[in-house]
Amino acid sequence: SGETNGVISFADCKIDKAGTGYTLTATDGSLATATSDPFDVTVGGPHQLAFLQSPGGAVAGAAFSTQPQVAVEDAGGNIITSDSSGISIWITGGTPTSGGPGSLNSCSNTETAGVFTFTGCQINTVGTAYALTVVDGQDLGGCCSGGLISSASFDVTAGAPDHLVFTQTPAYATGGI
């Protein structure tokens, strides 16, 4: 900020959330406050991806009970509702920390108003601290390695037993002994 002939100017002021009817109020000790005319803040251009919902409730070979949900956002965290990009998803390298490695299967997504909702995602192998990585198919203004992000970590547990398997077949048996 600076002052010239009794006029104070401000530079680089920012409001990070889109909205309508914002006003600014200025105060200076005993003087009467001044309020600006209302103004709107619009959503900026694509800048980042964000997990709105990380995967969870994973049982090996079954769809996660909590499927991932990812949004395309501007620098202020506002969802870009006009986005029409595509994204890819995979298991983050170096995960899980124990168990695994597994394969991510049956993941499909639909995008509505800048939010990608996944369905059917599953990992086939038990493991601790898996994470998923998502990348946007478009360059998001040169940021974020093309929009690359990872989810919170989650575990993939074993499902309920449903069949028996011989792990070693008997051999060389002699009758009556």
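Above this text sits the structure in question.
Residues numbered from 1 in each chain as written. Predicted model: local features only at pLDDT ≥ 70, side-chain atom pairs only at ≥ 80, totals over all residues. Heavy atoms only, no water.

All told, the structure shown has one disulfide when counted by the stated rule. Paired through a disulfide, cysteine 107 and cysteine 121 show a sulfur-sulfur distance of 1.8 Å. Measuring the twist about the S-S bond at about 115 degrees, one finds the cysteine 107-cysteine 121 disulfide to be right-handed. One end of the pair, cysteine 107, is in the loop between β12 (104-105) and β13 (108-112); the other, cysteine 121, is in the loop between β14 (115-119) and β15 (122-123), and 14 residues separate them in sequence. By relative accessible area, cysteine 121 is classed as buried at 0%. (Disulfide = S-S within 2.5 Å. Helix = DSSP H or I, 4+ residues; strand = E, 2+ residues; numbered from the N terminus. Buried < 20%, exposed > 50% of the residue type's maximum accessible area, 1.4 Å probe, protein only.)

Turning to its location among the elements, phenylalanine 39 is positioned in strand β6 (residues 39-41). Residues phenylalanine 39 and serine 82, 43 residues apart in the sequence, show an inter-C-alpha distance of 22 Å. Setting aside chain neighbours within four positions, we find phenylalanine 39 in contact with Ile15, Thr20, Gly21, Tyr22, Thr23 and Leu24. (Contact = heavy atoms within 4.5 Å.)

In a beta sheet, neighbouring strands pair by backbone hydrogen bonds and run either parallel or antiparallel. Reading across the sheet, the three strands line up as β10-β17-β18 and stay open at both edges, with antiparallel pairing between neighbours. The open sheet has two edge strands with one neighbour each: β10 (87-91) and β18 (149-150). Note: strand β17 (residues 132-136) against β18, two bridges, orientation antiparallel. The residue bridging valine 134 from the neighbouring strand is isoleucine 149, located in β18. (Pairing = 2+ DSSP bridges.)

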